[in-house]
Amino acid sequence: MEPPLTLKEAQQEVDAWIGQFKEGYFPPLLMLARLTEELGEVARALAHRHGKRPKPGEAEGDLAEELADLLFVLISLANREGIDLEEAFLKAMAKYRTRDGERWSKVE
């Protein structure tokens, strides 16, 4: 089994894949629309997983695949905007630890 990718490596892999095409990254608002579309697919897969019956002919959806699609578009947007997701994630976790560290009951 291969070791997991870091966020930096995932960003590099997405950039290399998109870089092979002349069109490159989509414009920011189109990426926002794609994020929204993918998030809707995550919502549908979760709804089907937790009680909603799919419409006739509608696939239940693969939650893992839909989350991965959402992550791909999020990484694409970060790359286009020059954001280091690993650095941003570490800052976010520090914020959550400080702000929310005592907000909920700890597991004992």
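Criteria and cut-off values
- Residues numbered from 1 in each chain as written.
- Predicted model: local features only at pLDDT ≥ 70, side-chain atom pairs only at ≥ 80, totals over all residues.
- Heavy atoms only, no water.
- Salt bridge = Lys/Arg side-chain N within 4 Å of Asp/Glu carboxyl O.
- Helix = DSSP H or I, 4+ residues; strand = E, 2+ residues; numbered from the N terminus.
- Buried < 20%, exposed > 50% of the residue type's maximum accessible area, 1.4 Å probe, protein only.
- Contact = heavy atoms within 4.5 Å.
- 1 Å grid on protein atoms, 1.4 Å probe; cavity = no way out; pocket = protein on both sides within 12 Å on 5 of 7 lines; lining within 4 Å.
- Points joined across faces, edges and corners; volume = space filled by probe spheres on them.
- Phe/Tyr/Trp six-rings, centres within 6.5 Å; stacked < 30°, edge-to-face > 60°.
- UniProt positions renumbered as here; feature names shortened; annotations may be inferred.

Engineer: Would you mind going over the pattern of salt bridges with me for this structure?
Structural biologist: Applying the stated criterion across every chain yields a total of six salt bridges. The shortest N-O distance in the salt bridge between Lys91 and Glu87 comes to 3.5 Å. Taken together, the residues Lys91 and Glu87, both in helix 4 (residues 85–100) and four residues apart, mark about one turn of the helix. For Lys91, a relative accessible area of 57% translates into the label exposed. Given a relative accessible area of 43%, Glu87 falls into the partly exposed group. Put simply, Arg99, Asp100 and Arg103 are held in one network by salt bridges that share partners.

Engineer: Looking at this structure, how should I read the environment of Ile75?
Structural biologist: Along the polypeptide, Ile75 turns up in helix 3 (residues 63–80). In sequence terms Ile75 and Glu60 are 15 residues apart; their C-alpha atoms lie 25 Å from each other. Residues contacting Ile75, with those up to four places away along its chain left out, are Ala10, Gln11, Val14 and Leu85.

Engineer: I tried to follow the layout of surface pockets on my own but got confused; where do I start?
Structural biologist: Gaps left between atoms show up when a probe the size of a water molecule is rolled over them. If you add up the space inside the largest pocket, you get close to 180 Å³. Surrounding the largest pocket, Trp17, Ile18, Phe21, Glu23, Gly24, Tyr25, Phe26, Met31, Arg34, Phe72, Val73 and Ser76 form its lining. No other element matches helix 3, which puts three residues into the lining of the largest pocket.

Engineer: I would appreciate a short explanation of the packing of aromatic side chains in the present structure.
Structural biologist: Here the distance between the centres and the angle between the planes together describe a pair of aromatic rings. Under the definition given, this model contains two aromatic pairs. Summarising the aromatic geometry, the rings of Trp17 and Phe21 are spaced 4.9 Å apart at their centres and angled 65° between planes, so their arrangement reads as edge-to-face. Overall, the relative accessible area of 47% leaves Trp17 in the partly exposed class. For the pair Trp17 and Phe72, a centre-to-centre distance of 6.0 Å together with 80° between the ring planes defines the contact as edge-to-face. Remark: Phe72 occurs in helix 3 and Trp17 occurs in helix 1 (residues 7–19); sequence separation between them is 55 residues. Residue Phe72 is classed as partly exposed on the basis of its relative accessible area of 29%. Three or more aromatic residues joined by ring pairs make a cluster, and in this case those are Trp17, Phe21 and Phe72.

Engineer: Could you clarify how one ought to interpret the UniProt feature "domain: NTP pyrophosphohydrolase MazG-like" (unreviewed entry) in the protein chain in this entry?
Structural biologist: In this structure's numbering, the residues bearing the UniProt feature "domain: NTP pyrophosphohydrolase MazG-like" (unreviewed entry) are residues 28–103. Secondary structure content for residues 28–103 is 74% helix and 0% strand, while the C-alpha to C-alpha distance between its ends is 35 Å.

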